[in-house]
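Listed below are the residues making up each chain.
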Amino acid sequence: MERELLLEGVGRRYGLGRAAPWVLRGVDLTLAPGTLTRVEGANGTGKSTLLRLIAGIDAPTEGRITGRPRTAYVPERFPAALPFTAAGYLIHLGSIHGLSRAEAAGAAVEWLERLGAAEYARTAMSELSKGTSQKVAVAQALLAEPELLVLDEAWSGLDTAARAVLEDAVLQRTAAGGTVVFVDHDPRRLAGAPDATYAVVDGNLRAVTGSSAPQDSYVIVEVEGPSGAEPPAEAARLTVSVEEPVPGKLRLTVPDSHSDTVLRILLTARSPWHVISLGEESAAKGVLTPRPADTEVPS
Amino acid sequence: MTALRPLLRYQAALLMRSQRWLPPVILYAAFLAIGVQTGQPILDSLGYAAAAVLPVAAWFVRICATNEPPAARSCVGAAAGPARAHLACLLTAFGAAALLGVAATVVVTVLSSPTSTNHQTRLPVLPAGGAGLVAALVCALLGTAVGALTTWPLLRSPGRAVPAMLLGAVLALVVTGSPARAAISDLVTGSQAGTVPAPLLPLLGAGAMAAAAVAVACALTTRRG
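Residues numbered from 1 in each chain as written. Chains lettered and ligands numbered in written order. Predicted model: local features only at pLDDT ≥ 70, side-chain atom pairs only at ≥ 80, totals over all residues. Heavy atoms only, no water.

A. Seen up close, the overall build of chain A. Helices and strands together make up the secondary structure of chain A, namely 7 helices and 14 strands. For 299 residues, the compact-globule estimate of 2.2 N^0.38 gives 19 Å, and chain A sits close to it at 21 Å. Out of the 299 residues in chain A, the part that is buried amounts to 50%. For chain A, the proportion of contacts with a sequence separation of at least 24, taken over those separated by at least 6, is 70%. With the model as given, the accessible surface of chain A reaches about 13,600 Å², and the carbon-plus-sulfur share is 50%. (Helix = DSSP H or I, 4+ residues; strand = E, 2+ residues; numbered from the N terminus. Rg over C-alpha atoms; globule rule 2.2 N^0.38 Å. Buried < 20%, exposed > 50% of the residue type's maximum accessible area, 1.4 Å probe, protein only. Contact = heavy atoms within 4.5 Å. Areas by Shrake-Rupley, 256 points an atom, 1.4 Å probe, with all protein chains shown as cover.)

B. Here's a closer look at the confidence of the model for chain B. Of all residues in chain B, 99% have pLDDT values of 70 or greater, and the mean over the chain is 96. Both scores are available for the predicted complex, with the pTM at 0.83 and the ipTM at 0.93. (pLDDT = per-residue confidence, 0-100.)

C. Inspection of the interface of chain B and chain A at higher detail. Each partner contributes to the interface: chain B provides 25 residues, whereas chain A provides 28 residues. Summing both partners gives a buried area of about 2,200 Å² for chain B against chain A, and 68% of it is carried by carbon and sulfur. The three residues of chain B that bury the most area against chain A are Tyr 10, Cys 75 and Ala 78 of chain B, which together make up 23% of that side's buried surface. Where chain B packs against chain A, one counts 0 salt bridges. If you look at where chain B meets chain A, you find 4 residue pairs in polar contact (both at pLDDT 80 or more). Secondary-structure elements contributing two or more residues to the side of chain B that touches chain A are helix 1 (4-18) and helix 4 (70-80) of chain B. (Buried area = accessible area lost by both parts, 1.4 Å probe. Salt bridge = Lys/Arg side-chain N within 4 Å of Asp/Glu carboxyl O. Polar contact = N/O pair within 3.5 Å; in protein donor to acceptor, adjacent residues only side chain to side chain.)

D. How the structure looks around the sheet that holds strand 1 (residues 5-13) of chain A. All names here are of chain A. What the 3 strands build is an open sheet, ordered 2-1-4; its pairing is antiparallel. Unpaired on one side and paired on the other, strand 2 (22-31) and strand 4 (62-66) mark the two borders of the sheet. Averaged over all pairs of adjacent strands, the angle between their axes in this sheet comes to 20 degrees, without regard to strand direction. Judged from the 4 bridges that link them, strand 1 and strand 4 form a sheet pairing that is antiparallel. Looking across to strand 4, one finds that Gly 11 is bridged to Glu 62. The sheet contacts of helix 1 (residues 47-55) involve strand 1, strand 2 and strand 4, and relative to strand 2 the element is tilted by about 50 degrees. (Pairing = 2+ DSSP bridges. Axes fitted to C-alpha atoms, helices over the stretch in contact; angles between N-to-C directions.)

E. The state of the cysteines, seen in detail. Residues and elements named next belong to chain B. Inspection of every chain in the model, using the stated rule, returns 0 disulfides over all chains. No disulfide involves Cys 218; its nearest neighbouring cysteine sulfur is the one of Cys 89, lying 8.5 Å away. When its relative accessible area of 10% is taken as the criterion, Cys 218 is described as buried. (Disulfide = S-S within 2.5 Å.)

F. Structural view of the pairing of strand 8 (residues 196-201) of chain A. All names here are of chain A. Here strand 3 (residues 36-40) runs beside strand 8; their pairing, made up of 4 bridges, is parallel. Bridge pairing in strand 8 places Arg 38 opposite Thr 197. Bridge count for strand 8 against strand 9 (residues 204-208) is 5 bridges, and the pairing is antiparallel. Paired with Val 200 across the bridge in strand 9 is Leu 205. The antiparallel pairing of strand 8 with strand 9 creates a hairpin that spans 2 residues between the two strands, and Asp 202 there sits at a positive phi of about 50 degrees.

G. Representation of the packing of helix 3 (residues 42-66) of chain B against helix 6 (residues 125-149) of chain B. Residue and element names in this part refer to chain B. Where helix 3 meets helix 6, the closest approach of the two axes is 7 Å, and the angle between their N-to-C directions is 25 degrees. In this view, helix 3 runs roughly parallel relative to helix 6, as classed from their interaxial angle. Judged by the sense of rotation from one axis to the other, the crossing of helix 3 with helix 6 is right-handed. (Parallel < 35°, antiparallel > 145°, perpendicular 65-115°, else oblique. Left-handed = near helix turned anticlockwise from the far one by under 90°.)

H. Here's a closer look at the nonpolar core. Ranked by size, the top nonpolar core spans 56 residues in total, and within it Phe 78 and Tyr 89 of chain A carry the most contacts. Not counting residues up to four positions away in its chain, the partners in contact with Phe 78 of chain A are Tyr 89, Met 125, Ser 133, Gln 134, Val 136 and Ala 137 of chain A together with Ala 71, Ala 72 and Cys 75 of chain B. In this structure, Ala 93, Ala 104, Ala 135 and Ala 213 of chain B belong to the second largest nonpolar core, which totals 55 residues. (Core = buried A, V, L, I, M, F, W, Y, C linked by side-chain atoms within 4.5 Å.)

I. Local environment of the pattern of salt bridges. All names here are of chain A. Scanning the model with the defined rule gives 14 salt bridges over all chains in all. Put simply, Arg 188 and Asp 186 hold a salt bridge, and the shortest N to O gap is 3.3 Å. According to the relative accessible area criterion, Arg 188 is exposed, its value standing at 66%. Through salt bridges with shared partners, one network takes in Glu 167, Asp 184, Asp 186, Arg 188 and Arg 189.

J. How the structure looks around the packing of helix 3 of chain B against helix 7 (residues 158-174) of chain B. Residue and element names in this part refer to chain B. The geometry of helix 3 relative to helix 7 is characterised by a closest axis approach of 9 Å and an angle of 155 degrees between their N-to-C directions. Relative to helix 7, the element helix 3 lies roughly antiparallel. Relative to helix 7, the crossing made by helix 3 is right-handed. Residues Ala 51, Leu 54, Pro 55, Ala 58, Trp 59 and Arg 62 of helix 3 form the contact with helix 7, whose participating residues are Pro 158, Ala 161, Val 162, Met 165, Ala 169, Ala 172 and Leu 173.

K. Region of interest: helix 2 (residues 86-96) of chain A. Where burial is concerned, most of helix 2 of chain A is hidden: 10 out of the 11 residues are buried. Where helix 2 of chain A is buried, its residues touch helix 3 (101-114) and helix 4 (130-142) of chain A together with helix 1 and helix 4 of chain B. Of the residues flanking the end of helix 2 of chain A, it is Gly 98 of chain A, one or two places downstream, whose phi is positive at about 105 degrees.

L. Quick peek at the packing of aromatic side chains. Tallying each qualifying case throughout the model produces 6 aromatic pairs over all chains. When the ring of Phe 84 of chain A is compared with that of Tyr 89 of chain A, the centres are 6.4 Å apart and the planes differ by 35 degrees; the resulting orientation is tilted. On the basis of relative accessibility, which here comes to 0%, the residue Tyr 89 of chain A falls in the buried class. Summarising the aromatic geometry, the rings of Phe 84 of chain A and Tyr 10 of chain B are spaced 5.9 Å apart at their centres and angled 20 degrees between planes, so their arrangement reads as stacked. A residue pair is termed interchain when its members come from two chains, as with Phe 84 of chain A in the loop between strand 5 (71-74) and helix 2 and Tyr 10 of chain B in helix 1. Assigned by exposure class, Phe 84 of chain A and Tyr 10 of chain B land together as buried. Put simply, the rings of Phe 78, Phe 84 and Tyr 89 of chain A together with Tyr 10 of chain B touch in pairs and so form one group of aromatic residues. The ring of Trp 111 of chain A has Arg 114 of chain A sitting right over it, with the charged end atom 4.1 Å from the ring centre. (Phe/Tyr/Trp six-rings, centres within 6.5 Å; stacked < 30°, edge-to-face > 60°. Lys NZ or Arg CZ within 6 Å of the ring centre and 35° of its normal.)

So, in structure tokens, the structure goes:
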């Protein structure tokens, strides 16, 4: 059932006529379910064009794209010039994403709350600040749990708390088997998390290896759970290794960038896991530095 | 693939709440108030009311196609597919024009005198109203076609799109072979001859033309950026 999104020999140019320059040409790309992909490149190199092709908003001029699942897109700037309230707009978009109206209404409230914009649910879109509009744009993309999430500078304009929520939501989406592609000007955005990073250079994609995302630290999470229980699959996907030093106790090694997400999954699992200890491990030295177990855990 | 219903609901809400539908509706009402008077021959008045639906339909398409900021259109396009989203937009505009045409037909049918142009022959009211309804639908369909071909994604700069739309609407009413012209002259000649026409052939023609125009516009949504 899980299909890959495939771009084969994809090219795009704007305008008709043969004189129009190619923005992208000969792009081959495979996006597997459960992966996070970062796209880099200088301004005007065609990052946004690539993202619009992936999201299905534009069709390639040549080549083909196959296997696109249920998709959501967050643009860089989301204009508020729509004659709806924030919640009203999100209910419309939720229905378009395939939710029932009741589900859409519930998800709209939930996501506005998570992004810290609950008090604007009944505010007309035209009266929203730039940051709150962007939260609405993020909420419309996340509320229906899309299988493919395309983020074009989605973080710009968000406050710090909402940025963290979006980072977390991205990791949860990939942990749940979704595909996420993003562009962001901040090189630290989701550092270490992407499964692949590409740069758009001269209208084509070049794989970026290791440079921007050194994976330098891991967190060791020791948890106790219902006897004989397996850790939730979503958490297991994000861990590097799972050991069972004592029956009933698990020791998970998690990349630092994923640790908050793994903890949240464990703590909100149907039969919750008890976190015994958290520790940091430096990959270089392999030293386990204890960290108090009451370290702030995102709720 | 998203169902069309939520898209139609979204587009209809956008149109209603934008209030940009007011100018064409007011202009249409004024046009009827000037041209249609109580006791005039029914088929003549129905032809007049139907003809004016054509530019109004094109105008509604223009409103619907330009109502959404591009970023918002992209969000819906990713979720539902841009072609489908644009189909919903065009159907909403057609629906609004058809609704206006039906309302005008009912009002004109009630107010007019059910007679031929020279007031010598009596005409059956309901069949006459039905013929007017078909003519109004023909004009709504053709106006939708004109609107679809003279706005985004085919023509994007208003400087070219608006004159093209107006010219298209006039040509659709006067060019020989146009279903709208055929439907309206059916009503006018019927009024002179004292018979109620059934402009079904123009309806078929207008339906085919509208379907073709809508198909072209929807197919281009992902190609013109």
